[in-house]
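Understanding the architecture of this molecule
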Amino acid sequence: MDKSMEDVPLYKDTTKDFEERVEDLVKHLSLEEKVSQLVYNASAISSLGIPEYNWWNECIHGVARAGVATVFPQAIGMAASFNQDLVYKVAVAISDEGRAKHHEFTRQGDRGIYKGLTFWSPNINIFRDPRWGRGQETYGEDPYLTGRMGVAFVKGLQGDHPKYLKTVATPKHYAVHSGPESLRHEFNAKVNKKDMYETYLPAFKETVKEGKAYSIMGAYNRTNDEPCCASPTLLQKILRDDWGFEGFVVSDCGAIEDIYEPHKVASSPEEAAAMAFKNGCDLCCGKVFKNLLKAIEEGLITEEEVDVSVKRLFMARFKLGMFDPEEEVPYTQIPYEVNNCNEHIQLALDTARESMVLLKNEGNLLPLSKTLGTIAVIGPNAQSQKILLGNYSGTPSEYVTVLDGIRRKVSPDTKVLYAEGCELANTSEGYWGAKPTKGFAEAIAAAERADAVIMCMGISPALEGEEGEVAESDGGGDRTKLDLPGLQEELLKTIYSLGKPVVLVILNGSPLSINWAQENIPAILEAWYPGEQGGNAVADVIFGDYNPAGRLPVTFVKSLDDIPPFTDYNMKGRTYRFMEKESLYPFGYGLSYTTFEYSNLRLNSDILKVGEGINVKVDVENVGFIAGDEVVQLYLKDIEASVDVPIWELRGVKRIHLGPSEKKTIEFNIAPRQMALIDEQGRCLLEPGQFRVYVGGQQPDKRSEVLTGKKVLSCEFEVTGGILEMEY
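I will try to describe carefully the structure that is included in this document. All of these numbers come straight from a predicted model, not from anything done at the bench.

**Comments concerning the packing of aromatic side chains**
One pass over the structure, following the stated rule, counts 25 aromatic pairs. Their ring planes at 35° and their centres at 5.6 Å tell us that F187 and Y569 sit as a pair that is tilted. Here F187 is found in the loop between strand 4 (168-169) and strand 5 (188-189), whereas its partner Y569 is found in the loop between helix 19 (534-542) and helix 20 (575-578), with 382 residues between them in sequence. Comparing F187 with Y569, the two get one shared label, buried. Ring centres 6.4 Å apart and planes at 80° place the aromatic pair W528 and F556 in the edge-to-face group. On the criterion of sequence distance, the pair formed by W528 in the loop between strand 15 (523-526) and helix 19 and F556 in the loop between helix 19 and helix 20 is long-range, its members being 28 residues apart. By way of ring pairs, the aromatic residues F18, Y164, F314, F318 and F323 are connected into one cluster. In this structure, K115 packs its charged tip against the face of F105, placed 4.8 Å from the ring centre. Positioned above the aromatic ring of F668 is the side chain of K654, whose terminal nitrogen or guanidinium carbon lies 5.4 Å from the ring centre.

So, in structure tokens, the structure goes:
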């Protein structure tokens, strides 16, 4: 054997597999060194050539908090694309930038926070209540759509190399976590087994089993009395035993401290650390794991139990190539110049375009002509840069506001007048007597001189987001009202009364109850927090260079009176799957500048044996005069279920592009598992009986019919045989 090879410790020998190398490395560590690796800011172990490593990084819609990076639309906007292939491309771009940044920063000796390869994204919690400030980070209210988007994002982040992970994805917050923000450190989410397995767990299961996510983040709250970051039910039974998860679990930041302080489930820091540790949490974002040494001394945990987590964490670092020569790890060669490159900026624009949802277009007011004489752009969100970003964002190299986009889009002869009109949320007189309506006169003057008015309104990350991060929230990060805040509606009514054509653009991360606008304003566009290219995307839609096709990933309710209390985690009365009240805008709803016609819905069989799948085909034709995308949606209803089940459930989505007069046959396969229900014990059962399939560009509900003037196609099939219990 080569003498030089004899001098190389086994853990540095790249000819050995990762398991052997990790085992060898951990044998070299003292107990103190092991514990030093179990916190998010892991210490260097210079004697073994192990550099410090900070596990905390974020990338919900672009590499966050680490300087200039491409800022894509906030996650709720990406979900509105209903396009999992697009989300995958976005995640690939994000992981390219994350890798490039990491290697450049380490070459400069910077291994600090937000510089690593372990990203605490995506957020796949179910957006069950429109008040939740962090709903903007999610993919909406539907488990199926959330799962499809989550899997695509995880795969795009982690790559497809047979040996190395590109980055580590971390679906969060596991599990049953969606507000209230002000109670998250002490709240006990009470949820029955049916809702747990039917609504709150599916996306986590899919990102683990199908997406192969290598990390999971636990939530702050308790779920059914167990702290999520120390839950034997969630972390051991479900995650590892049932789903076969092999990666590591990280706590949310400060969640271990919560176990003994607000939750009062443990009596001391060392008891809380031991409780989390023994029940499957491997990495602490916080300080409390440093009490592990004392916990060992007190006999609360053993060094052998510590070793389990240390090995899991080092396995992740080995899989990321951190202990191998750079030339052997393909991702190390991604150039720093990929960061916010032209290709990624174009992808941000494409994604923003696909996220736009046309909510109303009475009399085909849109698209507007680029050669209008004068256009007035009015509202507190017209020229706001922060409104482009949403929370957890990077810094764009360029911000394109809505006003910027409109100015770039119109003809050189078109005059664009701008007036803020009012502040986002203020209703009070200023210290020196300035009235909150002080901007109305300027807005009226601009509108009176215009051929058309574009009103840019909504909310902002200053009004909704994470607890402690939101300066102007009236609900600790959440919202207590769904109306347009401040004097925005009053300004909208004032401008509307002038008799000019009005287009309303709303920018927001969660639903708004714009009931008056829906009744009176002829054209309404939902733009979300659209990312760095948001202004260009809005202008592309308004002036007809892009035909909108986005769909709502969350129900817009008419009033908070129509949904249960925020702290009630029972799904009854919530989301399109269980809501009994009529919505303002339904899940899955969105308009186009062209018209699509569905025909010839057919099944390969109308009777099948329990355990068999079914094939569904439908023809879709663009019968309008311009090209556009259509979001083909398949919903399934169990007509004869033995227990309460959703009204119907999304079970297939395909976004397609059709030119004028172009027709395509779209095919879906419904797997037996998609026909199964969840019973009161949380079992997954496929029952015989009748099922109804609906296919169209929307939900099969009455409100969608009213808003679109269209009905979806439907047909039925029968499942025969006995009850089949299936793997969850």
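From this point, things continue past the structure.
**Details of the environment of H102**
Tracing the chain through its elements places H102 in helix 5 (residues 84-107). With relative accessibility at 8%, the residue H102 sits in the buried group. Filtering out sequence-adjacent residues up to four positions away, H102 remains in contact with K115, G116, L117 and M322.

**Examining a negative patch on the surface**
The grouping of D17, E19, E20 and E246 at the surface amounts to a negative patch. Assignment of secondary structure puts E20 in helix 2 (residues 18-27). In this structure E20 comes out as partly exposed when scored by relative accessible area, which is 38%.

**Notes on the nonpolar core**
By size, the foremost hydrophobic cluster in this structure holds 161 residues, and its most contacted members are Y174, I256, F289 and M675. Among the elements that take part in this core, helix 5 stands out by supplying 8 residues, more than any other.

**Description of the side chain of Q37**
Relative to the assigned elements, Q37 resides in the loop between helix 3 (31-36) and strand 1 (41-42). Of the polar contacts made by the side chain of Q37, one reaches the backbone oxygen of S43; its length is 2.9 Å. If sequence neighbours within four positions are ignored, Q37 has contacts with A42, S43, I45, W55, L283, L313, F314 and R317.

**As for the sheet that holds strand 17 (residues 607-609)**
What the 5 strands build is an open sheet, ordered 17-25-24-19-20; its pairing is mixed. The strands lining the two open edges of the sheet, one partner per strand, are strand 17 and strand 20 (649-658). For this sheet, the mean angle separating the axes of adjacent strands, direction not counted, is 25°. Strand direction decides the pairing type here: strand 24 (residues 689-696) and strand 25 (residues 713-720), joined by 7 bridges, are antiparallel. Considered in strand 25, the bridge of F691 is made with F717.

Criteria and cut-off values
- Residues numbered from 1 in each chain as written.
- Predicted model: local features only at pLDDT ≥ 70, side-chain atom pairs only at ≥ 80, totals over all residues.
- Heavy atoms only, no water.
- Phe/Tyr/Trp six-rings, centres within 6.5 Å; stacked < 30°, edge-to-face > 60°.
- Helix = DSSP H or I, 4+ residues; strand = E, 2+ residues; numbered from the N terminus.
- Buried < 20%, exposed > 50% of the residue type's maximum accessible area, 1.4 Å probe, protein only.
- Lys NZ or Arg CZ within 6 Å of the ring centre and 35° of its normal.
- Contact = heavy atoms within 4.5 Å.
- Patch = residues over 30% accessible without salt bridge, like charges linked within 9 Å, V, L, I, M, F, W, Y side chains within 5 Å.
- Areas by Shrake-Rupley, 256 points an atom, 1.4 Å probe, with all protein chains shown as cover.
- Salt bridge = Lys/Arg side-chain N within 4 Å of Asp/Glu carboxyl O.
- Lys, Arg positive; Asp, Glu negative; His and termini not counted.
- Charge placed at Lys NZ, Arg CZ, Asp CG, Glu CD.
- Core = buried A, V, L, I, M, F, W, Y, C linked by side-chain atoms within 4.5 Å.
- Polar contact = N/O pair within 3.5 Å; in protein donor to acceptor, adjacent residues only side chain to side chain.
- Pairing = 2+ DSSP bridges.
- Axes fitted to C-alpha atoms, helices over the stretch in contact; angles between N-to-C directions.

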